[in-house]
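Tertiary structure, described
Spelled out from the first residue to the last, the chains are:
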Amino acid sequence: MPGRVCHRNGFGFAAWRGTYRRVGNRDAPMDRATEIELLEELVGLRKARAFWLDDDVATSPVARYTSPERFARERDGLFRGLPAVVAHGSELAGPDGFLTRDFAGLPLLLTRDEGGAAHAFLNVCRHRGTRLVDAASGCARRFVCPYHGWTFDNRGALDAITHEAAGFPGIDKGSLHLKRLGCAERYGWIWVAADTGTAPDTDTFLDGLAADFAWLDAGGLSVVHEDTEERAANWKILVEGGIESYHFRIAHKDSIGPHFQDSLSSYRVFGRHIRSVLPRARLDAMMEEPKESWSLRRAANLAYTVFPSAQLLVQEDHVVWIQPLPLAPDRTRLRIATLAPAGSGDAEHWRRNHDITVRTLAEDFAIGESIQRGLNSGANEEFRFGRFEGALDRFNRTAEREIGAG
């Protein structure tokens, strides 16, 4: 559902080897020069009838997707240990707005105070530990525990204790504020660092992608449609399905496949993160236009994998946010949200686009579930990532490094 404004009075290439090598500054901002560079290398590949290839075929042990011990390390070291996108600013609209989220096994309470600042807390009462707020969203300056009535304000302070004088003489209320998590609102998104009370340095974390995030201007978007579903597959399998185009013409032959180039895509790595460019079939027509009229968002979809907790699918006029939430080694909750320019009134247009996205992702997710079912069969001890699936290997190498798996 769209974010509800909460008012104070009530309740967002090169050497030839059958392909081209990458050139250019990895950290270059998404300015016009970078946009043209990304398009030129794809146009070069298309004219040469070549692919964007890594040097070698890579492998990935199937144990990465089945081990309970591995899953726990990923949940704690990745999802709780790194800054994560947990909400869009439009979902926490207006002073005194709040949201509740479950993230990496943690119950979160996100609030916006009267001055407009965003905060993140564990949604747990400091008295006997019950869930403090059950509502998914709303507006409130204070939150009253449903068990014994202890009251906290939207900055997390313990404001009142029922029968305090008689039951808790001399209690230090200042030591019993809600457990604060690191929180920052940047580039239209609410970022949370679950393992610290310090606001995350998002620009450092994005490692060269900050300019892209500024270019996307997600602060001018709002959530117009969303779906949540659970799938019987490891979260990494579901992410992997979104960072290569090798499968498009086959797995999506009756949906989006004909609208994209066959196995043609490129990617760049920014620290932990990946920017993939997935050119559409319309790239062929654009190649005949003057370069001054070239548009990256018109000719291609961009997929940003913000490790580990978000994938942003950037289309011509909107953005799709896919959030994997690991529940178990073989189970993942996914939130799919369509973000459109704030104030745009064509509700039916956005509904159609959202439905197309959900149907397409359902094809990917069903394949992911099929992969998961076959993991314990003994058919494979490892997977093989082809040279045009290099982004999958880089994604998994990042996970290995971050959890210290060698």
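Definitions and cut-offs
- For every chain, the first residue of the written sequence is number 1, and numbering continues from 1 along that sequence.
- Where local features are concerned, this predicted model is filtered to residues with pLDDT of at least 70; where side-chain atom pairs are given and counted, the filter is 80 or more; whole-chain, interface and lining totals use all residues.
- Calculated side-chain values reflect all of the structure's heavy atoms, with hydrogen atoms and water omitted.
- Only DSSP runs of H or I reaching four residues or more are called helices, and only runs of E reaching two or more are called strands; each is numbered from the N terminus.
- Here the globule rule is a power law, 2.2 Å times the number of residues to the power 0.38, and the radius of gyration is based on C-alpha atoms.
- Three labels apply to residues, based on accessible area from a 1.4 Å probe with only protein chains included: buried if under 20% of the type maximum, exposed if over 50%, partly exposed otherwise in between.
- The positive count covers Lys and Arg only, the negative count covers Asp and Glu only, and His and the chain ends enter neither.
- To locate a charge, take NZ of a lysine, CZ of an arginine, CG of an aspartate or CD of a glutamate.
- Here a polar contact is taken to be a pair of N or O atoms separated by no more than 3.5 Å, where protein atoms must pair a possible hydrogen donor with a possible acceptor and residues adjacent in sequence count only if both atoms sit in side chains.
- For two strands to pair, DSSP has to find at least two bridges joining them.
- Think of each axis as a best-fit line through the C-alpha atoms, taken over the contacting stretch in the case of a helix, with angles from 0 to 180 degrees between the N-to-C directions.
- Every residue gets a pLDDT, meaning the predictor's confidence in that residue, from 0 to 100.
- Whether two residues touch is decided by their heavy atoms; if any such pair falls within 4.5 Å, the residues are in contact.
- When a carboxyl oxygen of Asp or Glu is within 4 Å of a side-chain nitrogen of Lys or Arg, the pair counts as a salt bridge.
- For Phe, Tyr and Trp, rings pair up if their centres lie within 6.5 Å, where Trp contributes its six-membered ring, and each pair is then called stacked (planes under 30 degrees apart), edge-to-face (over 60) or tilted (otherwise).
- Throughout this description, the term nonpolar core refers to a set of buried Ala, Val, Leu, Ile, Met, Phe, Trp, Tyr and Cys residues connected via side-chain atoms within 4.5 Å.

**Things to note about the overall build of the protein chain**
- For the protein chain, the count of helices and strands is eleven helices and 19 strands.
- Against the 2.2 N^0.38 benchmark of 22 Å for 406 residues, the protein chain shows a C-alpha radius of gyration of 23 Å, consistent with a compact globule.
- With the principal axes as the frame, the protein chain shows a C-alpha extent of 80 × 50 × 35 Å.
- Among the 406 residues that make up the protein chain, the fraction classed as buried is 52%.
- Computing the positive centroid from 51 side-chain charges and the negative centroid from 56, the protein chain places the two 1 Å apart.

**Comments concerning the side chain of Ser60**
- With respect to the helices and strands, Ser60 occurs in strand S1 (residues 58–61).
- With relative accessibility at 0%, the residue Ser60 sits in the buried group.
- Side chain to side chain, Ser60 and Arg64 meet in a polar contact 2.9 Å long.
- A polar atom in the side chain of Ser60 sits 3.0 Å from the side chain of Tyr65.

**Observations concerning the sheet that holds strand S8 (residues 151–153)**
- Pairing within the open sheet is antiparallel, and its three strands lie in the order S7-S8-S9. Strands at the two margins of the open sheet, each flanked by one partner only, are strand S7 (142–144) and strand S9 (158–160). Strand-to-strand, the axes of this sheet are offset by a mean angle of 35 degrees, without reference to chain direction.
- Of the strand pairs in this sheet, S8 and S9 are connected by two bridges, and their pairing is antiparallel.

**Comments concerning the confidence of the model for the protein chain**
- Chain-level statistics for the protein chain give a pLDDT mean of 89 and a share of 92% at 70 or above.
- Note that pLDDT drops below 50 for residues 1–5; the model gives that stretch 13 contacts with residues more than four away or on any other chain.
- Low pLDDT (under 50) marks residues 7–29, which in the prediction has 64 contacts with non-local residues, meaning those over four places away or in another chain.

**A look at the pattern of salt bridges**
- By the definition in use, this model includes 35 salt bridges.
- For Arg112, the salt bridge goes to Glu185, with nearest N and O atoms at 2.8 Å. Separated by 73 residues along the polypeptide, Arg112 in strand S4 (residues 106–112) and Glu185 in strand S10 (residues 180–186) bring together distant segments of the chain.
- Accessibility expressed as a relative area gives 8% for Arg112, which makes it buried.
- Several salt bridges converge on common partners, so that one network encompasses Arg64, Arg70, Glu74, Lys236 and Glu400.

**What to know about the packing of aromatic side chains**
- Evaluation of the coordinates by the stated rule reveals 16 aromatic pairs.
- Relative to Phe168, the ring of Trp150 lies with its centre 5.3 Å away and its plane at 85 degrees, an arrangement referred to as edge-to-face. In this pair, Trp150 sits in the loop between S7 and S8 while Phe168 sits in the loop between helix H3 (164–167) and S10, placing the two residues 18 residues apart along the sequence.
- Using a relative accessible area of 27% as the deciding quantity, one classes Phe168 as partly exposed.
- Seen from their ring centres, Trp235 and Phe395 are 5.8 Å apart, and the 80 degrees between their planes marks the pair as edge-to-face. With Trp235 in helix H6 (residues 235–240) and Phe395 in helix H11 (residues 390–402), this pair connects stretches of sequence that are 160 residues apart.

**Focus: the nonpolar core**
- One finds Val86, Leu110, Trp189, Phe213 and Leu283 to be the most contacted residues of the largest nonpolar core, which totals 81 residues.
- Here the element with the most residues in this core is helix H1 (residues 32–48); it accounts for six residues.
- Those residues in contact with Phe213 that lie beyond four places of it in its chain are Tyr187, Trp189, Trp191, Leu206, Val306 and Leu312.
- Counting 15 residues, the second largest nonpolar core, distinct from the first, contains Leu132, Phe143, Trp150 and Leu158.

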